[in-house]
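Here are the chains, one letter per residue:
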Amino acid sequence: MNTTRLASLSLGLTLAASGIAHAHATFENDTAPMESTFKAVLQVPHGCDGKPTTEVQIKLPEGFVFAKPQPKPGWELEVIKGDYQKTYDNHGEKVSSGPVEIRWKGGNLSDDYYDTFVVRGKLSGFDKETVLAFPTTQLCGTEGKVVWDQVAAEGQNAHDLKSPAPTVTVTMADAADPHAGHGGHMAAADGAAKLGDLEISGGSVKAMLPGAKVGGGFLTIRNGGAGEDRLVAVESPAAARVEIHEMKMENDVMKMRKLDDGVAVPAGETVELKAGGLHLMFMDVKTPFKEGEAVPVTLVFEKAGKVDATFPVGSAKGGAAAGGHKHH
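First, a word on scope: everything that follows refers to the structure included in this document. Source: prediction; values computed, not measured.

1. Focus on the pattern of salt bridges
A side chain of one charge can pair with a side chain of the opposite charge when the charged atoms of the two come close.
Part 1 of the argument: Enumeration according to the criterion identifies 12 salt bridges in this entry.
Part 2 of the argument: A salt bridge links Glu 78 to Arg 103; the nearest nitrogen and oxygen atoms lie 3.9 Å apart. In this pair, Glu 78 sits in strand β7 (residues 76-90) while Arg 103 sits in strand β8 (residues 93-109), placing the two residues 25 residues apart along the sequence.
Part 3 of the argument: Assessed through its relative accessible area of 4%, Glu 78 is described here as buried.
Part 4 of the argument: Looking at Arg 103, the relative accessible area reads 22%, which means it is partly exposed.
Part 5 of the argument: Here Asp 284 ties to Arg 241 by a salt bridge, and the two come within 3.4 Å at their closest N and O atoms. With Asp 284 in strand β22 (residues 278-285) and Arg 241 in strand β18 (residues 239-250), this pair connects stretches of sequence that are 43 residues apart.
Part 6 of the argument: According to the relative accessible area criterion, Arg 241 is partly exposed, its value standing at 40%.

Written out as structure tokens, the structure reads:
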């Protein structure tokens with residue numbers, strides 16, 4: 001095992017009131033489909049017998065791989081790495097080791113307050129529905145410790161445990177169902193996702209009229225890295241195929257063309273796909289998109305690889321602003 005230490009420089013999470021009622025350390029979302037990216041948001045509702053929490057440790061189970069913790073202001077981040085029991089595929093690369101425990105150290109979370117600690121990873125290598133336990137420890141200086149590490153035996157109710165470990169139930173999502181696996185994972189219906197230096201936001205699709213076969217989709221891609229990448233393909237079980245199109249004026253006529261080579265995302269820049277400019281076209285849609293629903297998509301990048309997202313369905317009207325490159 002080796003240890004990587006990082007200084008916490010980034011912005012932390014705002015406090016979320018939703019978990020205050022929990023007596024135990026639990027995850028904000030506790031269900032996700034296999035082979036999905038999962039954002040484990042640990043809720044810490046109290047300290048150790050009134051003492052402030054100064055360290056939080058989460059042990060990562062087999063099958064939660066390629067983990068990346070979110071730094072928190074005022075806390076030192078320690079990532080303990082080790083060998084996986086199996087080998088996992090990371091965009092074509094075989095990976096057999098990685099983070100196995102995350103520690104946020106040196107903080108001071110009063111017993112009067114609630115906070116969250118976040119680590120993101122992929123749920124991979126499952127052939128049946130599985131409950132994954134993440135043993136968690138709270139340290140309160142040298143004077144106190146609370147350990148959440150109990151796992152329910154088969155047939156036992158987790159609520160009967162005194163100190164249950166936070167768990168995630170990995171489900172078998174049906175890839176043929178365009179609405180499979182909504183909620184509880186990174187592909188939540190907010191049209192956002194992250195892949196290395198690429199940040200996806202504002203993803204959405206337009207509602208379609210009954211009987212329609214073609215739908216429009218939009219998103220924003222920010223490249224925070226030092227190298228150019230390219231969106232080369234988009235896939236969705238909700239459509240026979242998804243094409244990348246561009247609308248532009250040629251001789252006072254608005255023309256639309258398919259971009260077979262995809263869309264370049266230059267280093268340090270943001271590219272917007274929106275109505276009137278660059279956009280996605282969902283072709284031969286099986287069931288017309290209805291407002292309030294959501295559509296799963298997979299974005300394929302030339303260098304970064306694939307990332308899953310779920311685009312909410314907005315109104316049929318949409319905007320008409322011109323799209324294209326927006327430089328930062």
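So much for the structure itself; the text now carries on.
2. Quick word on the state of the cysteines
Part 1 of the argument: Applying the stated rule across the entire model yields one disulfide.
Part 2 of the argument: Paired by a disulfide, Cys 48 and Cys 140 hold their sulfur atoms 2.0 Å apart. Its S-S torsion of about 75 degrees marks the bond between Cys 48 and Cys 140 as right-handed, since a negative value means left-handed. Of the two residues, Cys 48 sits in the loop between β4 (37-44) and β5 (53-59) while Cys 140 sits in strand β11 (residues 136-140), which places them 92 residues apart along the sequence.
Part 3 of the argument: Given a relative accessible area of 4%, Cys 140 falls into the buried group.

3. Examining the nonpolar core
Part 1 of the argument: Ranked by size, the top nonpolar core spans 33 residues in total, and within it Leu 280, Phe 282, Phe 289, Leu 299 and Phe 301 carry the most contacts.
Part 2 of the argument: Setting aside its immediate chain neighbours within four residues, Phe 289 contacts Val 205, Lys 206, Ala 207, Met 208, Ala 238, Phe 282, Val 295 and Val 313.

4. Details of the side chain of Thr 136
Part 1 of the argument: Along the polypeptide, Thr 136 turns up in strand β11.
Part 2 of the argument: Looking at Thr 136, the relative accessible area reads 1%, which means it is buried.
Part 3 of the argument: At a separation of 2.9 Å, a polar atom in the side chain of Thr 136 contacts the main-chain carbonyl oxygen of Phe 134.
Part 4 of the argument: Look past the residues within four positions of Thr 136 in its chain and what remains in contact with it is Leu 42, Val 56, Gln 57, Ile 58, Val 146, Val 147, Trp 148 and Pro 166.

5. Regarding the sheet that holds strand β2 (residues 26-27)
Hydrogen bonds along the backbone pair up the strands of a sheet, which may run parallel or antiparallel.
Part 1 of the argument: Spatially, four strands are ordered β2-β4-β9-β6 in an open sheet, and the strand pairing comes out antiparallel. Each edge of the sheet is formed by a strand with only one pairing partner; in this case those strands are β2 and β6 (64-69).
Part 2 of the argument: Across four bridges, the pairing between β6 and strand β9 (residues 115-123) is antiparallel. Among the inter-strand pairings, Val 65 is bridged to a residue of β9, identified as Lys 122.

What counts and what doesn't
Residues numbered from 1 in each chain as written. Predicted model: local features only at pLDDT ≥ 70, side-chain atom pairs only at ≥ 80, totals over all residues. Heavy atoms only, no water. Salt bridge = Lys/Arg side-chain N within 4 Å of Asp/Glu carboxyl O. Helix = DSSP H or I, 4+ residues; strand = E, 2+ residues; numbered from the N terminus. Buried < 20%, exposed > 50% of the residue type's maximum accessible area, 1.4 Å probe, protein only. Disulfide = S-S within 2.5 Å. Core = buried A, V, L, I, M, F, W, Y, C linked by side-chain atoms within 4.5 Å. Contact = heavy atoms within 4.5 Å. Polar contact = N/O pair within 3.5 Å; in protein donor to acceptor, adjacent residues only side chain to side chain. Pairing = 2+ DSSP bridges.

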